[in-house]
Amino acid sequence: MPELPEVEVTRLSFADRIAGARIDGARLGKPLRWALGCDPAQLAGRTVRGVRRRGKYLLLDLDHGLLLLHLGMSGSLSFAASQPPAGVHDHFDLLTSRGVLRLHDPRRFGAVVYADNQAAPVAARLLGKLGMEPLGPDFGLQAFHAGLKRHQAAIKQILLAGEVVVGVGNIYACEALFLAGIRPTVRGARISRPQAARLYVAIRDVLARAVQKGGSTLRDFSNAQGESGYFQLEAMVYDRAGQPCRVCGVGIKLLRQGQRSTYFCPACQRY
């Protein structure tokens, strides 16, 4: 599932190229997770002002309105001067004066949604409950610790929920908890301020390095230029069950939390 680093890498791979483009039209394929919310013909003639990210959503700001794009569980975007004929899993094309932006999504959990503005009900419903941006200036340690203390759930589950901080998906939660020396089963309410401080730094570090490495490609993720990510190659614990910890040599353990695989080192993450 594309997480914050993969979405940010995707944004960076086409944002500069599509900014300023005039929309010539849009093509819809099979229905996606949510309806577009407007007649595709209404998009023609509008201009793409820029591309932002909020959590795992990409926001294409237009001269009137915006498009919210979500990659779902297996989606990817590509942007090129021209695209081959749409395949069975190509569900949305945005035709512009600078190229075609295409959403490819085999499982159809992704979405492209139009909103008149970010305060519109459909946008507020999708974005309104998202937590702090971990790589943004508003991600504060005090607010982060306070958010963790409000929850009795396991710290790993709190990170995945995205209500305290967004974008810390399964791979990155495992890696950040390892760097912080925190066991993934510890309840959020029991996280001390020093632990929260270590985790705060670890989250920013892991996500920033993941963006720098182009994200993680476990199956078929690629950015809008077709390039894969390489962060998974330097993972300390993720997908390394039974292998020796790169720090202490103890075998990495695997457990299931909320139907997701959790990897940790029982020696380096004692508390």
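Here, residues in each chain are numbered from 1, in the same order as that chain's written sequence. Given that the model is predicted, a residue must reach a pLDDT of at least 70 before its local features are reported, and side-chain atom pairs must reach 80 or more before they are shown or counted; all residues, however, enter totals for whole chains, interfaces and linings. As a rule here, side-chain values cover all heavy atoms of the structure and leave hydrogens and water aside.

**Student:** Requested: an account of the overall build of the chain, with residues and values cited.
**Tutor:** Elements are defined by DSSP. Helices are runs of H or I of four residues or more, strands are runs of E of two residues or more, and each kind is numbered from the N terminus. When helices and strands are counted, the chain shows six helices and ten strands. Relative to a compact globule of 271 residues, whose C-alpha radius of gyration would be 18 Å, the chain shows 20 Å and is just as compact. Taking the principal axes of its C-alpha atoms as reference, the chain extends roughly 60 × 35 × 30 Å. Here the chain holds 271 residues, and the buried ones make up 52% of them. Any pair of residues with heavy atoms lying within 4.5 Å of one another is described as a contacting pair. Taking contacts inside the chain between residues at least 6 apart in sequence as the whole, the part at least 24 apart equals 64%. Each accessible area is a Shrake-Rupley estimate made with a 1.4 Å probe; only the visible protein chains count as cover when residues are assessed. Counting only carbon and sulfur atoms, one obtains 50% of the accessible surface of the chain, whose full area is about 12300 Å². Positive residues here are Lys and Arg, negative ones are Asp and Glu, while His and the chain termini are left out of the count. By convention, the point assigned to a charge is CZ for Arg, NZ for Lys, CD for Glu and CG for Asp. Computed over 36 positive and 21 negative side-chain charges, the inter-centroid distance for the chain is 9 Å. Atoms considered for the radius of gyration are the C-alpha atoms alone. The globule rule reads 2.2 Å times the number of residues to the power 0.38. Think of it in three bands: with a 1.4 Å probe and only protein chains considered, a residue is buried below 20% of the maximum accessible area for its type, exposed above 50%, and partly exposed in between.

**Student:** Before we move on, could you go through the environment of Thr262 and cite the residues and values that matter?
**Tutor:** The residue Thr262 is located in strand β10 (residues 260–264) in this model. Given a relative accessible area of 1%, Thr262 falls into the buried group. Placed 82 residues apart in sequence, Thr262 and Ala180 show a C-alpha to C-alpha distance of 15 Å. Setting aside chain neighbours within four positions, we find Thr262 in contact with Lys156, Cys174, Pro184, Lys253, Leu254, Leu255 and Gln257. Any N or O atom pair separated by 3.5 Å or less is treated as a polar contact, with the protein-specific requirement of one donor-capable and one acceptor-capable atom, and with residues adjacent in sequence counted only for side-chain atom pairs. At a separation of 2.5 Å, a polar atom in the side chain of Thr262 contacts the side chain of Lys156.

**Student:** Describe unusual backbone geometry, with residues and values.
**Tutor:** The phi torsion at Asp239 lies on the positive side, around 60 degrees, for a residue other than glycine. With respect to the helices and strands, Asp239 occurs in the loop between α6 (193–212) and β9 (253–257). Even without being a glycine, Gln259 presents a positive backbone phi close to 70 degrees. Along the chain, Gln259 falls in the loop between β9 and β10. The exposure class of Gln259 is exposed, given its relative accessible area of 70%.

**Student:** How would you sum up α6? Please name residues and give values.
**Tutor:** Helix span, expected: 1.5 Å multiplied by one less than the number of residues in the helix. In this model α6 runs 29 Å from its N-terminal to its C-terminal C-alpha over 20 residues, within 8% of the 28 Å that 1.5 Å per residue would give. Every buried residue belonging to α6 is among Gln195, Ala196, Leu199, Tyr200, Ala202, Ile203, Val206, Leu207, Ala210 and Val211, and all of these are buried. The inward-facing, buried residues of α6 abut α1 (4–18), α3 (141–149), α4 (155–161) and α5 (170–180). Directly after α6, the chain includes Gly214, whose backbone phi takes a positive value near 85 degrees.

**Student:** Explain the pairing of strand β7 (residues 99–104) to me, and be specific about the residues and the numbers.
**Tutor:** For β7, the tally of buried residues reaches five of six residues, placing the bulk of the element in the interior. Pairing between strands is defined by DSSP: at least two bridges between them are needed. One ladder, built from five bridges, connects strand β5 (residues 76–80) with β7; its direction is antiparallel. Paired with Ser78 across the bridge in β7 is Arg102. Two elements, strand β6 (residues 90–96) and β7, share six bridges in a ladder whose sense is antiparallel.

**Student:** I'd like a description of α3, backed by residues and values.
**Tutor:** Restricting attention to buried positions, one finds in α3 the residues Phe144, His145, Gly147 and Leu148. Looking straight down α3, one finds that the buried residues subtend no more than 160 degrees of arc, so they occupy a single side. The arc refers to the directions leading from the helix axis to the C-beta atoms.

**Student:** Could you give me a rundown of the pattern of salt bridges, with the residues and numbers involved?
**Tutor:** Salt bridges are defined as contacts in which a side-chain nitrogen from Lys or Arg sits within 4 Å of a carboxyl oxygen from Asp or Glu. Inspection of every chain in the model, using the stated rule, returns 13 salt bridges. In this structure, the salt-bridge partner of Arg27 is Asp93, at a minimum N-O distance of 3.1 Å. Residue Arg27 is located in strand β1 (residues 23–28), and its partner Asp93 is located in strand β6; the two are separated by 66 residues in the primary sequence. The partner of Glu133 in a salt bridge is Arg53, and the shortest N-O contact between them spans 2.8 Å. One end of the pair, Glu133, is in the loop between α2 (121–127) and α3; the other, Arg53, is in strand β2 (residues 48–54), and 80 residues separate them in sequence. Classification of Arg53 as buried rests on a relative accessible area of 17%. Each of the salt bridges in this network shares a partner with another, and the network as a whole consists of Glu8, Arg11, Arg53, Arg54 and Glu133.

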